[in-house]
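Structural overview for review
So you can see what is in the structure, the chains are spelled out below.
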Amino acid sequence: MTVAVVEAYAGLARRVLAGPARLGRTRMVAVDGPSGAGKSAFATRLADALAALPGGGRPPVVCTDDLLDGWDDQFTFWPRLEEWVLAPLRAGRPGAYRPYSWVRRCFLDREVPVPVGPVLIVEGVSVARAAVRSELTLSVFVAAPAPLRLSRALTRDGSEILPELRRWHAGERAHFAADGTEAAVDLVVDGAPALPHDATHYYVRRP
């Protein structure tokens, strides 16, 4: 019998801060999972919980959708994340990245700063990949049923993306199977929980 458990973001935030810094002086949290599962919401709520701790500051949250050079860059964006964000923080220097505009289909000129701090949250498909696991303080996989994820994505971005989205979902499945992500992470979260709970302050952990 599998039992899901409701846990507090505040407790997870304390766990992160108590963990070792493995990316230079920074504790990196990777929030992975397929598109539409609820990664962005989870990352935002964890950042809120970290900011609410006594003496805490809100950590930067880097979304890999801002680093992709369009639909064909699903997994090959990593050198950009490494050069712009991870390598500087590893060396104790602030990073910065130029976000991609999905409307203009190019990277914008403005830079988004990523300061050196106790915690960095990175969310997006493949961010808990094997190549970075040794530098993660916490790895999370957010899961949800495929039909619900598809519905969420189409509601958010419009039905015209359906052909690209189906290709994207196929790529996700292949990556997660080859990488073994869900089995390797520290925490698996239910992105569509049936358990009643206050979703702002609590999440549902899968066993």
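Structure: see above.
Worth saying up front: this structure is predicted, and the values here are computed from it rather than measured. For every chain, the first residue of the written sequence is number 1, and numbering continues from 1 onward in sequence order. Reporting of local features is limited, given that this is a predicted model, to residues whose pLDDT is at least 70; pairs of side-chain atoms are given and counted only at 80 or more, and all residues count toward the totals for whole chains, interfaces and linings. No hydrogens and no water enter the side-chain calculation; it runs on all heavy atoms of the structure.

In this analysis, strands are considered paired if DSSP registers two or more bridges between them. Numbering of helices and strands runs from the N terminus, with a helix taken as a DSSP run of H or I at least four residues long and a strand as a DSSP run of E at least two residues long. Pairing between strand E1 (residues 5–8) and strand E11 (residues 202–206): four bridges, direction antiparallel. Residue pairing across strands places Ala-8 opposite Tyr-202, the latter belonging to E11. Here two bridges tie strand E10 (residues 187–190) to E11, and the two strands are oriented antiparallel to one another. Looking at the pairing, Val-189 lines up with Arg-205 of E11.

What follows deals with the packing of aromatic side chains. Aromatic rings from Phe, Tyr and Trp, with only the six-membered ring used for Trp, were paired whenever their centres fell within 6.5 Å, and each pair was classed as stacked if the ring planes differed by under 30 degrees, edge-to-face if by over 60, and tilted otherwise. For the structure shown, the criterion picks out ten aromatic pairs. Judged by centre distance (5.1 Å) and plane angle (80°), the rings of Phe-141 and Phe-176 are edge-to-face. Of the two residues, Phe-141 is situated in strand E9 (residues 136–143) and Phe-176 in helix H5 (residues 162–179); the sequence distance between them amounts to 35 residues. Here Phe-141 matches Phe-176 in class, with each residue buried. Among the aromatic side chains, those forming a connected cluster through ring pairs are Trp-71, Trp-84, Tyr-100, Trp-102, Phe-107 and Trp-168. For each residue, the accessible area found with a 1.4 Å probe, counting protein chains only, is set against the maximum for its type, and the residue is called buried under 20%, exposed over 50%, and partly exposed in between.

What follows is about the pattern of salt bridges. By definition, a salt bridge exists where a carboxyl oxygen of Asp or Glu is found within 4 Å of a side-chain nitrogen of Lys or Arg. The full count for this structure, using the stated rule, is ten salt bridges. Of the charged contacts in the structure, one is a salt bridge between Arg-205 and Glu-7, with a shortest N-O distance of 2.6 Å. Taken together, the residues Arg-205 in strand E11 and Glu-7 in strand E1 connect sequence positions 198 residues apart. Asp-72 is paired through a salt bridge with Arg-167; the nearest N and O atoms lie 3.0 Å apart. Taken together, the residues Asp-72 in the loop between strand E3 (61–63) and helix H3 (78–90) and Arg-167 in helix H5 connect sequence positions 95 residues apart. Relative accessible area serves as the criterion here: at 43%, Arg-167 is assigned to the partly exposed category. If you follow the salt bridges from partner to partner, you end up with Asp-72, Glu-164 and Arg-167 in one network.

Throughout, an axis means a line fitted to C-alpha atoms (over the contacting stretch in the case of helices), and angles, computed between N-to-C directions, take values from 0 to 180 degrees. Helix H2 (residues 39–52) packs onto helix H1 (residues 9–18) with a crossing angle of 75° between their chain directions and a minimal axis gap of 8 Å. Taken together, the axes of H1 and H2 are roughly perpendicular relative to one another. On the side of H1, the interface is formed by Tyr-9, Ala-10, Leu-12, Ala-13 and Leu-17, while H2 contributes Phe-42, Arg-45, Leu-46, Ala-49 and Leu-50. Polar here means any residue other than Ala, Val, Leu, Ile, Met, Phe, Trp, Tyr, Cys and Pro, which are nonpolar, and Asp, Glu, Lys and Arg, which are charged; Gly is therefore polar. Counted by class, the contact of H1 with H2 contains nine nonpolar, no polar and one charged residues. To sort the angles, those under 35 degrees are grouped as roughly parallel, those over 145 as roughly antiparallel, those from 65 to 115 as roughly perpendicular, and the leftovers as oblique. Note on contacts: a residue pair is in contact if any heavy atoms of the two residues lie within 4.5 Å.

Every definition here rests on a 1 Å grid over the protein atoms only: cavities are sets of points where a 1.4 Å probe fits but cannot get out, pockets are open sets enclosed by protein on both sides within 12 Å along at least five of seven lines, and lining residues have some atom within 4 Å of a point. Grid points are joined across faces, edges and corners, and a volume is the space filled by probe spheres set on the points. Reported here for the largest pocket is a volume of approximately 790 Å³. Along its surface, the largest pocket is lined by 31 residues, and Asp-65, Trp-71, Trp-102, Arg-156 and Asp-157 are the ones closest to its centre. Among the elements of the structure, H2, helix H4 (146–157) and H5 are those that each provide at least two residues to the lining of the largest pocket. For the lining of the largest pocket, the leading source of residues is H4, giving four residues. Among the residues making up the lining of the largest pocket, the classes are represented as twelve nonpolar, seven polar and twelve charged. Considered as a void within the structure, the second largest pocket measures approximately 200 Å³ in volume.

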